[in-house]
Amino acid sequence: MSTRRLILALTDGLRPDAITPAIMPSLHGLAQEFTTAAEARTVRPSATVAALASLATGVAPDSQRLVQPGLGFLPRVSRLRPVARELARCGVAVDVVTAELPSAALPVVWALASAAGVRRLLPAGRRARDTATVAARLVSEPGAGLVFVYLPDCDVAGHDHGWMSAAYLDAAREVDAAVGRLAANVDEALLVVVADHGGGGVIATEHHHPHPVNERIPLVLAGPSVAREHRLEGPISLLDVSATALWWFGAAVPECYEGRPLLEAFAPVLTTEAAAR
Ligand SMILES: [Zn+2]
């Protein structure tokens, strides 16, 4: 069984240009100190359900067709190779920690998450930093593997007030406080921070139209084995994150996956070890 840990933080609707030393000092600092992608993009459509389903299954919306939320997902999920199910087969547990959900949404979210192989779903905290505190505690428990943290703040503020508005930047500050708490674990766990989409590219309060500002996403990797002061050049896809998660735990990446492990984000000694496995 793997003793590795991974915290995968999904910052819904966070645009890369919000990550400045003044607004998001923790995330900006991690990006400087470790590895960040210069040009990462999400899938089309640049919408949350499509992107989360892509991240969870390693394939783009054209392949998984999980674009609308709902239990219509379930039969389709069984024909895919979700990250959590691939990891469960290797003895690696996947837990999901989210901001508190409306109670009506919980059964649907849990049905989807458990079908995809998730062990536990924990709605925790109204503020991003409180959700992150629960996730940080969870990842240091025995038996922890991949802890997925969902932080909706920037998306909510973007729809209500516009992307990059004052309220949006306040939400980014709150998300940064959460990242700061998760970063306390980077001595023992790999921390990956990524978003599902940007926003404000065509309409100030929306993000689903094809547009670079809607499709560009931040990607930061931090941890003891991550390359220092490194920038990933060239196109990087959200789908590469799914393949990287499997690779990190030593699981085989299924052939149907449309992304690739981001080996260049890791120090050379680690990638050689993995090749020898
Ligand atoms: Zn949204």
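In what follows, the structure referred to is the one given above.
Residues numbered from 1 in each chain as written. Predicted model: local features only at pLDDT ≥ 70, side-chain atom pairs only at ≥ 80, totals over all residues. Heavy atoms only, no water.

J.: For the overall build of the protein chain, give the residues involved together with the corresponding values.
T.: When helices and strands are tallied, the protein chain shows twelve helices and nine strands. In terms of overall dimensions, the protein chain has C-alpha extents of about 50 × 45 × 35 Å along its principal axes. A sequence separation of at least 24 residues applies to 72% of the contacts in the protein chain between residues at least 6 apart. A gap of 5 Å separates the mean positions of the 24 positive and 28 negative side-chain charges of the protein chain. (Helix = DSSP H or I, 4+ residues; strand = E, 2+ residues; numbered from the N terminus. Contact = heavy atoms within 4.5 Å. Lys, Arg positive; Asp, Glu negative; His and termini not counted. Charge placed at Lys NZ, Arg CZ, Asp CG, Glu CD.)

J.: Help me get a handle on the coordination of the zinc ion, residues and values and all.
T.: At the metal site, the zinc ion is ligated by D155 (OD), D155 (OD), H159 (NE2) and H207 (NE2), and these contacts range over 2.1 to 2.6 Å. Its four donor atoms give the zinc ion angles of 53 to 148° at the centre, a pattern that matches the irregular case. Residue H159 is classed as partly exposed on the basis of its relative accessible area, which comes to 28%. Among the residues examined, H207 registers a relative accessible area of 6% and is labelled buried. (Donors = N, O, S within 2.8 Å, 3.2 Å for Na, K, Ca; no water. Tetrahedral: all angles 85-135°; square planar, octahedral: opposite > 155°, others 65-115°. Buried < 20%, exposed > 50% of the residue type's maximum accessible area, 1.4 Å probe, protein only.)

J.: Tell me what's going on with the state of the cysteines, and back it up with residues and numbers.
T.: According to the stated counting rule, one finds zero disulfides in the structure shown. With no disulfide of its own, C256 has C90 as its nearest cysteine by sulfur position, at a separation of 14 Å. (Disulfide = S-S within 2.5 Å.)

J.: I'd like a description of the nonpolar core, backed by residues and values.
T.: Residues L14, L87, L146 and L219 are the most contacted members of the largest nonpolar core, which totals 84 residues. Examining the composition of this core, we find that nine residues originate from one element, helix α9 (residues 166-183), more than from any other. The contacts of L14, once residues within four sequence positions are left out, are I19, M24, L27, C154, Y168, A172, A195, H197 and P218. Counting eight residues, the second largest nonpolar core, distinct from the first, contains V59, L66, F73 and L112. (Core = buried A, V, L, I, M, F, W, Y, C linked by side-chain atoms within 4.5 Å.)

J.: Lay out the environment of A243 with the relevant residues and their values.
T.: Within the secondary structure, A243 sits in helix α11 (residues 238-248). Spatially, the C-alpha atoms of A243 and A227 are 18 Å apart, while their sequence positions differ by 16 residues.

J.: Mind laying out the packing of helix α8 (residues 153-161) against α9, listing which residues take part and the relevant values?
T.: Across the interface, α8 lies against α9 with an axial gap of 8 Å and an inter-helix angle of 175°. Comparing their axes, α9 and α8 come out roughly antiparallel. For the pair α8 and α9, contact is made by D153, C154, A157, G158 and H161 and by A167, Y168, A171, A172, E174 and V175, respectively. Of the residues belonging to the contact of α8 with α9, the class tally is seven nonpolar, two polar and two charged. (Axes fitted to C-alpha atoms, helices over the stretch in contact; angles between N-to-C directions. Parallel < 35°, antiparallel > 145°, perpendicular 65-115°, else oblique. Nonpolar A, V, L, I, M, F, W, Y, C, P; charged D, E, K, R; others polar.)

J.: Please provide a residue-by-residue account of the side chain of S46, values included.
T.: Looking at the secondary structure, you find S46 in the loop between β2 (35-41) and α2 (48-57). Side-chain polar atoms of S46 contact the backbone oxygen of H207, separated by 2.5 Å. Among all residues touching S46, those that are not within four sequence positions of it are H197, H207, H208, H209, N214 and E215. (Polar contact = N/O pair within 3.5 Å; in protein donor to acceptor, adjacent residues only side chain to side chain.)

J.: Outline the packing of helix α7 (residues 128-139) against α9, listing residues and values.
T.: At a minimum axis distance of 8 Å, the contact between α7 and α9 shows a crossing angle of 15°. With respect to α9, the element α7 is oriented roughly parallel. Crossing of α7 against α9: the hand is right-handed. Residues A128, R129, D130, A132, T133, A135 and A136 of α7 lie in contact with α9, whose contacting residues are E174, V175, A177, A178, R181 and L182. (Left-handed = near helix turned anticlockwise from the far one by under 90°.)

J.: Please provide a residue-by-residue account of the environment of D187, values included.
T.: Summarising the element assignment, D187 is placed in the loop between α9 and β6 (190-194). Here the alpha-carbon distance between D187 and P224, two residues 37 residues apart in the chain, equals 5.9 Å.

J.: Which residues make up the side chain of D153, and what values do they have?
T.: Summarising the element assignment, D153 is placed in helix α8. Of the side chains with opposite charge, R129 comes closest to the buried, unpaired D153, at an N-O distance of 8.1 Å. The contact partners of D153, leaving out residues within four places of it in the chain, are A128, A171, E174 and V175. (Salt bridge = Lys/Arg side-chain N within 4 Å of Asp/Glu carboxyl O.)

J.: Can you tell me about the packing of aromatic side chains, naming the residues and giving the values?
T.: Counted by the stated rule, this structure contains three aromatic pairs. A centroid spacing of 6.0 Å and a plane angle of 40° characterise the contact between W163 and Y168, whose relative ring orientation is tilted. Where W248 meets F266, the ring centres are 5.8 Å apart and the plane angle is 25°; that geometry is what we call stacked. In this pair, W248 sits in helix α11 while F266 sits in the loop between α11 and α12 (268-276), placing the two residues 18 residues apart along the sequence. In this structure, W248 and F266 share a single accessibility class: buried. Of the aromatic side chains, those joined through ring pairs into one cluster are W247, W248 and F266. (Phe/Tyr/Trp six-rings, centres within 6.5 Å; stacked < 30°, edge-to-face > 60°.)

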